[in-house]
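Overview (structure and organization)
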Amino acid sequence: MTAQIINGKAISDMIREEVKAETDKLRQQGVVPGLAVVLVGEDPASKVYVGSKEKACIQLGFYSEVHRLSADTSEEDLLALIHKLNEQSTINGILVQLPLPKHINEKAVIDAISVDKDVDGFHPESVGNLVIGDDSLLPCTPAGVIELIKRAGTDIAGKHAVVIGRSNIVGKPVAMLLLRENATVTICHSRTANLKEIASQADILVAAIGRAKAIDRSYVKPGAVVIDVGINRLPDGKLAGDVDYEDCLEVSGAITPVPGGVGPMTITMLMSNTLKAAKKAHG
Ligand code: GUN
């Protein structure tokens, strides 16, 4: 058996087309979705991410503001900018690129973002809405994982989904979203005693561990859908996921590659969230 390769780039392109078509329609009603991205400091990876977000806004015809602030910006000044963006009617989504410099309290910053504009889905009220099941802005990478599973043709309801990883930005929200889709969900983590035994019972296996190639075929039930959220830099400079892709390719039913799987979905879901927030803001 050879797995179906889930092409995250192609699925992401398809969703962007859908977002663009809706955005074009909205524009005829005088509404343009607006995204503000705030970058504090000079972290090289963050700079690349912010550039990609800006490019996506241009591609889809969104209004875009990028606030590039120096690394010594005070927490007070950052909060003042967020309060201004909360009030600004041309802005529907606010994203503060993480990590922030150490002297800034990340939680205070996330808490300051208006829930209606929380396109990252990191605000405690957004997290609460996600758990309760209310309609809210969903965190981008977890929402992308669900889209990939669905658009690969997998029916989630009734399946046993195993999520490896319990971070606030991936593991926990992915587990909650799978539960919302009526999967039976098991969350595993670094202290799980019998990881292999549990993982190999999964119909849907989501790896968000942060360790290159940690999951080989012995963790995978034949025919399982394997979603790899990891991005790790190998000593030779190449990228690898948390899953040993080559080893799992034969045994799994469907699998995401790295790069080209979950990665392309994150910014696309950010755009989709911004569009959703714009539609909500304009009734
Ligand atoms: N840094 C790395 N990933 C993310 C993300 O999804 N959102 C924000 N705000 N910062 C990040």
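Residues numbered from 1 in each chain as written. Predicted model: local features only at pLDDT ≥ 70, side-chain atom pairs only at ≥ 80, totals over all residues.

A look at the sheet that holds strand S5 (residues 160-164)
- Pairing is parallel in the open sheet, where 6 strands are placed in the order S1-S11-S8-S7-S5-S6. Because the sheet does not close on itself, it has two edges, and the strands there are strand S1 (4-5) and strand S6 (184-188).
- Judged from the 5 bridges that link them, S5 and S6 form a sheet pairing that is parallel. Looking at the pairing, Val 162 lines up with Thr 186 of S6.
- On the sheet, helix H6 (residues 140-151) packs against strand S7 (204-207) and strand S8 (225-228) and is oriented at approximately 150° with respect to S8. (Pairing = 2+ DSSP bridges. Helix = DSSP H or I, 4+ residues; strand = E, 2+ residues; numbered from the N terminus. Contact = placed C-beta atoms within 7 Å. Axes fitted to C-alpha atoms, helices over the stretch in contact; angles between N-to-C directions.)

What about the UniProt feature "domain: Tetrahydrofolate dehydrogenase/cyclohydrolase NAD(P)-binding" (unreviewed entry) in the protein?
- Per the UniProt record, the feature "domain: Tetrahydrofolate dehydrogenase/cyclohydrolase NAD(P)-binding" (unreviewed entry) sits at residues 139-281.
- End C-alpha atoms of residues 139-281 are separated by 19 Å, and the span's content is 36% helix alongside 17% strand. (UniProt positions renumbered as here; feature names shortened; annotations may be inferred.)

A look at the environment of Ala 112
- On the secondary structure map, Ala 112 appears in helix H4 (residues 106-112).
- Sequence-wise, Ala 112 and Asn 86 are 26 residues apart; in three dimensions their C-alpha atoms are separated by 8.7 Å.
- Sequence-distant contacts of Ala 112, that is, excluding residues within four places in its chain, are made with Leu 79, Ile 82 and His 83.

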